[in-house]
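Residues per chain, in single letters:
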Amino acid sequence: MGFFKQVKEKLVGKSAKQNEKYVAGLDKSNTTLSDRINELAARFREINDEYFEELENILIMADVGVSMVIKIVGEIKTEVRLQNITDPRLINDIIVDKMFVIYANESVMSTKINYASEGLTVILMVGVNGAGKTTTIGKLAHRISQEGKKVIVAAGDTFRAGAIDQLDVWAKRVGVDIVKGKEGGDPSAVVFDALKQAQESQADVLICDTAGRLQNKVNLMNELEKMNRIIKRVVPDGPQETLLVVDATTGQNGISQAVEFSKITDITGIVLTKMDGTAKGGIVLSIKDQLNIPVKFVGLGEQVDDLQEFDLEQYIYGLCKNLVEGQ
Amino acid sequence: MAFDSLSERLQSTLKKVSGQGQLTEKNIEEMLTEIRLALLEADVNYQVVKDFIATTKEKAIGADVVGSLKPGQVLVKIVHDELVELLGGSVSEVSFDTSPTVIMMVGLQGSGKTTTSGKIAKLITKKYGKKPLLVAADIYRPAAVDQLVILGEQLEVPVYEKGTSQSAESIVEEAMAYAKENHHDVIIIDTAGRLHIDEPLMQELANIKSIANPDEILLVVDSLTGQDIVNVAQSFNDKLAITGAVLTKLDGDSRGGGALSIRHITNVPIKFIGTGEKLDAIDLFYPDRMADRILGMGDVVSLVEKVQDVYDEKETMKAFNRMQSGQFGLDDMLAQMQQLRKLGPLSGILKMIPGMPKMPNINDEDSEKRLKETESIIFSMTKEERRDPSIISLSRKQRIAAGCGKDLQAVNRLLKQFDQSKQMMKKMSGLDPNTGMPMPGRGGNHFVGNANRKKVRHKKRKKK
């Protein structure tokens, strides 16, 4: 059988420790999702419409999104019919397989940061209020400086009380320079100063924080566009990365966030934060499906090293952990 | 605003049914399927949807559809009533009778606890004349204490903080004594955001609870949250027995179906909603209004209250009298427009008007720009011209256009618009302003005088 076995082989071979944290983070949702699928298999003697309806509900509970669920379940139905499967216990492979194929969708899924071939690389972080932008920047700055690069962060959230101080604490914690403006000042000016300083001090990477904004606030989105323009003026190829920070608990609004932010800036990837809770951000499947924006990083906690590259195989392994090990 | 898409979906479904003469089990079924999908897409929890559909179906089939009402309307009413019930029935306010009233704010990271704490402090200072104390008990997130301190400065509300070196429990303990000494009658404790599965941190909350003995434990929930909202609400409720919820970021375009889930799952009311980034963007949660909005019935009551808050009655009556005596000029129109602007962004107002939710999206910046343009043109006119625009000849127009830096078309546009408003007013001036006849729902700049009429209507409502 397809992908399912592949994952199993690959992961069983890997050291348990390597996956421990990832899986620990994903544990809760996996139990909910895969437990339910298993439970479902146990409850149904054969695969019928009722089975599929239940399966739909299970996926909806994981925030995958109604239309996406209908798509996934549709494909599973076709596959089941093709292979003439009637035993619910055999369907697990197909469920996992389909989720993987739909996510991948023959696209490039790089989780590496697209560094400029020479000169300064600019990373712009965007997202709604409270998604976890500032915390992610702290962790990302740590990660990149561990690679031996010189990082500067720009405190572009001049709106929220305490946001500048928050980034300042993170900058000190991970040992990178920070460029700050005044609270209530023009964020574009901060970004401009930071760009200049980064060039003068020959930094490799500049990470720009921005204020959280709901995607339906036109003037705030315009402000973001302006920052983008300023970056382009100084670094023509920049920003090399614009990362949309999405809280894993986000429901269907995640799609609207991705759509609206994409209109303003070219979103190159998603950082899925707060993955250490019970919500597992099934919405990223829908976002990938509709806008082809891949997840690049996942946030798994509040410590400096709690940011990991998104690994689709591990993600799906996590989601279906019980299925793999239960067999 | 929130619930937009849900209301649109329900509206189109209901339209299908309202066209039909009879409620049959088949078309009820069809409608309920649509409602189910709409609710799921709006992030209402799956279990809640299931229950909702079941009750609605039962009532719809059992309902007496014979009578003067169209069956479609019966179904609308059933769905509406169910929604109101699901949303909590009636308004639930925080009581400030005990002194001191202790409020504890809890929730996940990034849900908006600190901002909401500030908003509540402002609200009760202004509305109830209280003397609140904010307590900074988030010792984990970098600069969380600073954030609350800055908010306190902006609001002129004292903040009790001990930095981050002390445990949250001892900070709260000291804050309680401090509040007593300084005669604070409301204590708002801002706790750190935490995951509901983080046992040690959840224990910290339980400890704070036993120290502070709060009257209210409010769970702050982001309205963007999806299905997981039930796990979060359930866990916090199990551990702390929360007394209410605050739904934040409702000014976004999330459908906010989580509102429907919280009450259903935890049986606690939603007490406040956060509707913007400014510190006064907080409101009580009105289940009936919310249900109205979900169904696209508009929210006239909110609109009227808003109008009453900002509208200058004298100014309006003056304009009304001038209008009746046929003296309405450009200055009056400008004054009306400026008053309208005080109501806030146009798109927000329009959404409260029945039948309006289906309007295409309005760009608030555009309407703001237009108002500025209008202002600049009118300010470039002489007093005489403003009083009686009919004297504005071509050469005058050219002078005005040059004066304000706009082109001739802009001036013409404004004059035409003025003519239209005047026409409308002529029609209106024949009416008694006290009858409160409904105005045709025209948004934008033609609103003149309307607000006053709505107010009258509202007063009548209250008498009932």
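What you are looking at is a predicted structure, and each value in this text was computed from that prediction instead of being measured. (Residues numbered from 1 in each chain as written. Chains lettered and ligands numbered in written order. Predicted model: local features only at pLDDT ≥ 70, side-chain atom pairs only at ≥ 80, totals over all residues.)

## Things to note about helix H9 (residues 229-240) of chain B
All names here are of chain B.
- Under the 1.5 Å per step criterion, the end-to-end length of H9 is 16 Å for 12 residues, consistent within 8% with the ideal 16 Å.
- Along H9, the residues classified as buried are Ile-229, Val-230, Asn-231, Val-232, Ala-233, Phe-236 and Asn-237.
- Next to the buried residues of H9 lie strand S1 (101-107), strand S5 (216-222) and helix H10 (258-266).
- Immediately beyond the C-terminal end of H9, within one or two residues, lies Ala-241, with a positive phi of roughly 55 degrees. (Helix = DSSP H or I, 4+ residues; strand = E, 2+ residues; numbered from the N terminus. Expected span 1.5 Å × (residues − 1). Buried ≥ 20, exposed ≤ 12 C-beta atoms within 10 Å, placed from the backbone. Contact = placed C-beta atoms within 7 Å.)

## Quick word on the packing of helix H7 (residues 168-181) of chain B against helix H8 (residues 199-212) of chain B
All names here are of chain B.
- Packing of H7 against H8 leaves a shortest axis separation of 9 Å and a crossing angle of 15 degrees. When the axis of H7 is compared with that of H8, the two are roughly parallel. The crossing of H7 and H8 is right-handed. Of H8, the residues touching H7 (which contributes Ala-168, Glu-169, Val-172, Glu-173 and Met-176) are Glu-204, Asn-207, Ile-208, Ile-211 and Ala-212.
- Its residues assigned to classes, the contact of H7 with H8 comprises 6 nonpolar, 1 polar and 3 charged. (Axes fitted to C-alpha atoms, helices over the stretch in contact; angles between N-to-C directions. Parallel < 35°, antiparallel > 145°, perpendicular 65-115°, else oblique. Left-handed = near helix turned anticlockwise from the far one by under 90°. Nonpolar A, V, L, I, M, F, W, Y, C, P; charged D, E, K, R; others polar.)

## A few points about the sheet that holds strand S5 (residues 241-247) of chain A
All names here are of chain A.
- Here 8 strands make up an open sheet; going across it, the order is S3-S2-S4-S1-S5-S6-S7-S8 and the pairing mixed. Strands with a single pairing partner mark the edges of an open sheet, and in this sheet they are strand S3 (177-179) and strand S8 (307-309). The average angle at which neighbouring strand axes cross in this sheet is 25 degrees, direction not considered.
- Relative to S3, strand S2 (residues 151-154) runs parallel, the two sharing 3 bridges. Looking across to S3, one finds that Val-153 is bridged to Ile-178.
- Across the face of the sheet, helix H6 (residues 133-146) comes into contact with strand S1 (121-127), S2, strand S4 (205-208), S5, strand S6 (269-273), strand S7 (295-299) and S8 while running at roughly 170 degrees to S2. (Pairing = 2+ DSSP bridges.)

## Considering the nonpolar core
- Core analysis: the largest hydrophobic core is formed by 167 residues, its most contacted members being Val-153, Leu-206 and Ile-207 of chain A together with Val-135, Ile-187 and Ile-189 of chain B.
- Here this core gets 7 residues from one element, more than from any other, and that element is helix H7 (residues 163-174) of chain A.
- Contact partners of Ile-189 of chain B, with chain neighbours within four places excluded, come to Ile-103, Met-104, Met-105, Val-135, Ala-137, Val-172, Ile-208 and Ala-212 of chain B.
- Leu-330, Met-333, Met-381 and Leu-414 of chain B belong to the second largest nonpolar core, which has 9 residues in total. (Core = buried A, V, L, I, M, F, W, Y, C linked by C-beta atoms within 7 Å.)

## Overview of the sheet that holds S1 of chain B
Residue and element names in this part refer to chain B.
- Within the open sheet, the 8 strands sit side by side as S3-S2-S4-S1-S5-S6-S7-S8. Their pairing is mixed. Only two strands of the sheet have a single neighbouring strand rather than two, namely strand S3 (159-160) and strand S8 (282-284).
- As judged from the 5 bridges shared by S1 and S5, these two strands associate in the parallel manner. When the sheet's bridge partners are listed, Val-106 is paired in S5 with Leu-219.
- Against the sheet, H8 touches S1, strand S2 (132-137), strand S4 (186-191) and S5, its axis set at about 175 degrees to S1.

## Here we look at unusual backbone geometry
- Of the consecutive residues Gly-238 of chain A and Pro-239 of chain A, the connecting peptide bond is found in the cis state with omega at -10 degrees.
- Between Ser-99 of chain B and the following residue, Pro-100 of chain B, the backbone shows a cis peptide bond with an omega angle of -5 degrees.
- Tracing the backbone through its elements, the reader meets Pro-100 of chain B in the loop between helix H4 (71-86) and S1.
- Residues other than glycine seldom take positive phi values, yet Ala-241 of chain B does so here, at roughly 55 degrees.
- For Ala-241 of chain B, a count of 11 C-beta atoms within 10 Å gives the class exposed.

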